[in-house]
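# A look at the structure
So you can see what is in the structure, the chains are spelled out below.
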Amino acid sequence: MDFLLQLLVNGLVIGSVYALAALGFVLIYKASRVLNFAHGDFLALGTFVAFALATSLRLPVIPSIILTLVCFFVLGLVVERVVLRPLIGKEVIAVIMVSVGLSSVIKGIMYLVWGPGYFLFPEFLPDVPIIIGDVYLSPMHLLGLAISAALLGLFSLFFKRSTLGVAMRAVADDQQAALSLGVSVRKIFAVSWGIALVSAVAAGVVVGSITSLSTEGLSAIGILVFPAVIVGGLDSVPGAVVGGLLIGVLENLTAGFIDPLLGVSLRSVVPFIVLVLILMMKPYGLFGTVEIERV
Amino acid sequence: MTQPTTAGTPLPVAGSPPVTAGAAQTLLTVNNIEVVYQDVILVLKGVSLTVPKGQIVALLGTNGAGKSTTLKAISGLLSAEEGHVRQGSIIYRGRDIANADPASVVQAGIVQVLEGRRIFKHLTVEENLRVGTITRRDGAVREDMEMVYHYFPRLYERRRQLAGYCSGGEQQMLAIGRALMVRPQLLLLDEPSLGLAPMLVQEIFAIVQRINVEQGTTILLVEQNARVALSVAHSGYIMENGRIVQEGPVEQLKNNPDVKEFYLGLTESGTRKSYRDVKAYRRRKRYM
């Protein structure tokens, strides 16, 4: 029972990080119908940049993370401007292929600079376990959960309360109508790329601090974002949160209960099996947009 | 704010006929524009029209005449459909806005209400209105929202509901209200009567007329329902095949025998004509 509880808690922590990463992915999809295959690679790149700032430049950890987040917001705007804007009006599949290309380029750069090894993010919290009941938690786990929850809350507040956030949802709903009211669709695309990269890097830094940094391990989160997002529904922000949590919990339960029985690791396979099952029953995901039809 | 009728003109004479184009201050002039889609399809073949400040100008015509294209040429929304103004100019308050960026046109005070309502279905009514304030820099958004609710009390009742679940009439009201949140000088209305019951059409046009009078908003109105459009407009234009074929003050248009035949479905004596006769007549005689 304690073991189950421990796995659930670990799953929720890692799931909240997946949710955060998935949020950025959903945002880009909602605004421009583009599936960003480079999402995981941006996540990994951001984490490594924060790592490099903290270790090579010897900046304190927290300022280097904040600096990275700011830089990646700007990078999001630049990527949108340089890579994607020339493709506005072209087939969506062309843009998706560009994101596949971006993914390879970024991965290549990371292998060139950091190689395939494992790195440890500098410790910035005391490694004193916190024990609640029978559940063991490291401070980093708690902080990760808090950061993810805070950012997710902040983003949903932004979409609900700020005019720009409401306009972003309006663009997702009817682009031409938004244009007719003076919403600059380009600006919305740029901001969604900026926010998407911020959420990706924040997620990457949390995962990197809890486990370790490696090019392969971090960019694989980009793959895990797919089941999280598709389970929740490609265009739903709450869906991304539920999907992320679900995948995180499933991974941990599989690792804890099924892997020891079979003697092989299935933790990275089970999320995809669940994905297939859910899609068989609910093709638009659990929270995907249901077309509003008046009768 | 200018008054919509004779009050704003230099020499108002009591009981004088409605002011025609040219006499009042001009807000928008479209000079002989040609519009092409995808660089090959010529849709407007030299359209000119004038919208005097504070008036309602009706732009009538059948399907495919180019009415909506004319509005999109003014609002800049053509660019989103791979169209552009190839020739001519669109002068708004002394500035040529042909092929301008839609956001800058909205900032200049022109807003288009698209055909078919096009409300944001997954946003609430109030959020729909908020999108209209994106170009605003002043803080009077609350007051304007009250103003929209004042004209459309039904929207107030539904303000927390998803717009997609509102009735067709409410959605049309929302589309107009959302545009009013921009605080436009010039409102471009594209077929507000589309798909609405006659009672609702009357209701919406009465409100449009009130907005024109009370807010001083100039309106360029595209309609297929000529009868209701001519009942609120000061002057009108009739389009066919990408050209203007008739123009003048409303009284003159209403009495024009061709307009009576084609658009109002009346005979010379003023009695209603059978639809079948109108169609047969249309097939024989066309403006070319």
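Residues numbered from 1 in each chain as written. Chains lettered and ligands numbered in written order. Predicted model: local features only at pLDDT ≥ 70, side-chain atom pairs only at ≥ 80, totals over all residues. Heavy atoms only, no water.

Next up on the list: helix α11 (residues 270–281) of chain A. All names here are of chain A. Compared with the 16 Å implied by 1.5 Å per residue over 12 residues, the 17 Å span of α11 between its first and last C-alpha is a close match. Taken together, the buried positions of α11 are V270, P271, V274, L275 and I278. Down the axis of α11, the smallest arc covering the buried residues is 145°, so these residues share one side. Looking at the buried side of α11, the elements it contacts are α9 (215–232) and α10 (237–262). (Helix = DSSP H or I, 4+ residues; strand = E, 2+ residues; numbered from the N terminus. Expected span 1.5 Å × (residues − 1). Buried < 20%, exposed > 50% of the residue type's maximum accessible area, 1.4 Å probe, protein only. Arc of directions from axis to C-beta. Contact = heavy atoms within 4.5 Å.)

Moving on: unusual backbone geometry. Phi is positive for A:R33, close to 60°, though the residue is something other than glycine. Note on placement: A:R33 falls in the loop between α1 (2–32) and α2 (39–55).

All names here are of chain B. With respect to topology, 6 strands assemble into an open sheet ordered β6-β7-β8-β3-β9-β10, the strand pairing being mixed. The open sheet has two edge strands with one neighbour each: β6 (110–113) and β10 (243–249). In this sheet, neighbouring strand axes are inclined to one another by 15° on average, regardless of whether the strands run parallel or antiparallel. Pairing of strand β9 (residues 235–240) with β10 involves 6 bridges; the strand directions are antiparallel. (Pairing = 2+ DSSP bridges. Axes fitted to C-alpha atoms, helices over the stretch in contact; angles between N-to-C directions.)

So, on to the domain arrangement of chain B. Residue and element names in this part refer to chain B. According to the domain assignment, chain B contains domain 1 (23–119 + 184–251) and domain 2 (256–288). Of all residues in domain 1, the largest losses of buried area upon contact with domain 2 belong to R227, E240 and Q246, amounting jointly to 47% of the total for that side. Here domain 1 is connected to domain 2 by 0 salt bridges. The interface formed by domain 1 and domain 2 contains 1 residue pair in polar contact (both at pLDDT 80 or more). Within the residue set of the side of domain 1 that touches domain 2, elements represented by two or more residues are α8 (226–232), β9 and β10. For the side of domain 1 that touches domain 2, the per-class residue count stands at 5 nonpolar, 4 polar and 2 charged. (Domains from an automatic or database assignment. Buried area = accessible area lost by both parts, 1.4 Å probe. Salt bridge = Lys/Arg side-chain N within 4 Å of Asp/Glu carboxyl O. Polar contact = N/O pair within 3.5 Å; in protein donor to acceptor, adjacent residues only side chain to side chain. Nonpolar A, V, L, I, M, F, W, Y, C, P; charged D, E, K, R; others polar.)

The next thing to look at is the interface of chain A and chain B. Chain A puts 24 residues into the contact, and the matching count from chain B is 33 residues. Between chain A and chain B, roughly 2,600 Å² of surface is buried when both sides are summed, and carbon and sulfur atoms account for 58% of that area. Connecting chain A to chain B are 3 salt bridges. Among the salt bridges present, the one from A:D174 reaches B:R118, with a minimum N-O distance of 2.7 Å.

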